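# Residue-level structure breakdown
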Amino acid sequence: MSGAAVGSVVSVRTGRVRDMVMPAWDRTGERSWSSAYLKTEREGAVHVGRLGLEGDEQASTDVHGGPEMAVLMYADAHYATWRTEPGLADLGPGGFGENLAAEGLDEHTVCVGDVPPVGGAPLPVSPPRR
């Protein structure tokens, strides 16, 4: 375990489960689904509990959520690369449904099992979501 990495929070986001509508180009036959993928930026302190951030929900707890996958964090440094892809010029925090965008924490600075202090809260690093 590296254990030495310290990150700073760039963005905190939460979302509620809502019904989503498939875009016209989607041909799966599904018309809608429920998701909390769309996240809203939060200002000030947000309570972090055993099951996630206050005000955040998960629609499919069988694939994410629970104590080991309660908060999704993404490395702020990676957004710049994604913005070079067609159609993603405006991608930034929240673009992948993540709760936190952090500076100074990425796959080179933390390992599964590390507990870096993020915004003052110890958040254990678990394996990626499916």
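First, a word on what this report is: a plain description of the structure on this page. In this convention, every chain numbers its residues from 1, walking through the sequence in written order. Where totals are concerned, whole chains, interfaces and linings use all residues; where local detail is concerned, this predicted model gives features only for residues with pLDDT of at least 70, and gives and counts side-chain atom pairs only at 80 or more. Note that water and hydrogens are dropped before the side-chain values are worked out from all heavy atoms of the structure.

This part is about the layout of surface pockets. Of the voids in this model, the largest pocket is the one considered here, and its volume is about 1,000 Å³. Lining of the largest pocket is provided by 34 residues; of these, Val-71, Leu-72, Met-73, Val-125 and Ser-126 occupy positions nearest its centre. Counting from the N terminus, the helices are the DSSP runs of H or I reaching at least four residues and the strands are the DSSP runs of E reaching at least two. When residues of the lining of the largest pocket are assigned to their parent elements, the largest contribution, three residues, is made by strand β7 (residues 73-75). The classification used treats Ala, Val, Leu, Ile, Met, Phe, Trp, Tyr, Cys and Pro as nonpolar, Asp, Glu, Lys and Arg as charged, and all other residues, Gly among them, as polar. Along the lines of polarity and charge, the residues of the lining of the largest pocket split into 23 nonpolar, four polar and seven charged. Buriedness for pockets is judged along seven lines, at least five of which must meet protein on both sides within 12 Å for an open set on the 1 Å grid over protein atoms alone, while cavities are sets there where a 1.4 Å probe fits but cannot get out, and lining residues have an atom within 4 Å of a point. Grid points are joined across faces, edges and corners, and a volume is the space filled by probe spheres set on the points. One number sums up the size of the second largest pocket: a volume of about 300 Å³. Lining the second largest pocket we find 18 residues, and of these Ser-35, Ala-36, Tyr-37, His-64 and Gly-97 sit closest to its centre. Looking at the lining of the second largest pocket element by element, the count peaks at three residues for strand β3 (residues 32-35). For the lining of the second largest pocket, the residue count by class is seven nonpolar, seven polar and four charged.

The criterion for an aromatic pair is that two Phe, Tyr or Trp rings (for Trp, the six-membered ring) have centres within 6.5 Å, with stacked assigned to planes under 30 degrees apart, edge-to-face to planes over 60 apart and tilted to the rest. All chains considered together, the criterion is met by three aromatic pairs. On the basis of an interplanar angle of 50° and a centroid distance of 5.2 Å, the ring pair of Tyr-74 and Tyr-79 is categorised as tilted. Between buried and exposed lies partly exposed: a residue is buried under 20% and exposed over 50% of the maximum accessible area for its type, with that area taken using a 1.4 Å probe on protein chains only. Overall, the relative accessible area of 1% leaves Tyr-79 in the buried class. Ring centres of Trp-82 and Phe-96 lie 5.3 Å apart, and the angle between their planes is 65°; on these two criteria the pair is classed as edge-to-face.

On to the environment of Glu-43. Structurally, the position occupied by Glu-43 is in the loop between β4 (40-41) and β5 (48-49). Sequence separation between Glu-43 and Thr-61 is 18 residues, and the spatial gap between their C-alpha atoms is 26 Å.

Take the pairing of strand β1 (residues 8-14) next. Here β1 runs beside strand β8 (residues 100-103); their pairing, made up of four bridges, is antiparallel. If you follow Ser-8 over to β8, its bridge partner there is Glu-103. When DSSP finds two or more bridges between two strands, those strands count as paired.

Pairing of β7 with β8 involves three bridges; the strand directions are parallel. Along β8, the bridge assignment pairs Tyr-74 with Ala-101.

Take Arg-13: it is sitting in strand β1. The class of Arg-13 is buried, set by a relative accessible area of 15%. Among the polar contacts listed, one links the side chain of Arg-13 to the backbone oxygen of Pro-93, at a separation of 3.0 Å. Those residues within four positions of Arg-13 in sequence are excluded, and the remaining contacts are Lys-39, Thr-40, Glu-41, Arg-42, Leu-53, Pro-93, Gly-94, Glu-98 and Asn-99. Nitrogen and oxygen atoms within 3.5 Å of one another constitute a polar contact, given that in protein one can donate a hydrogen and the other can accept it, and given that sequence-neighbouring residues count only through two side-chain atoms. Any two residues having at least one pair of non-hydrogen atoms within 4.5 Å are treated as being in contact.

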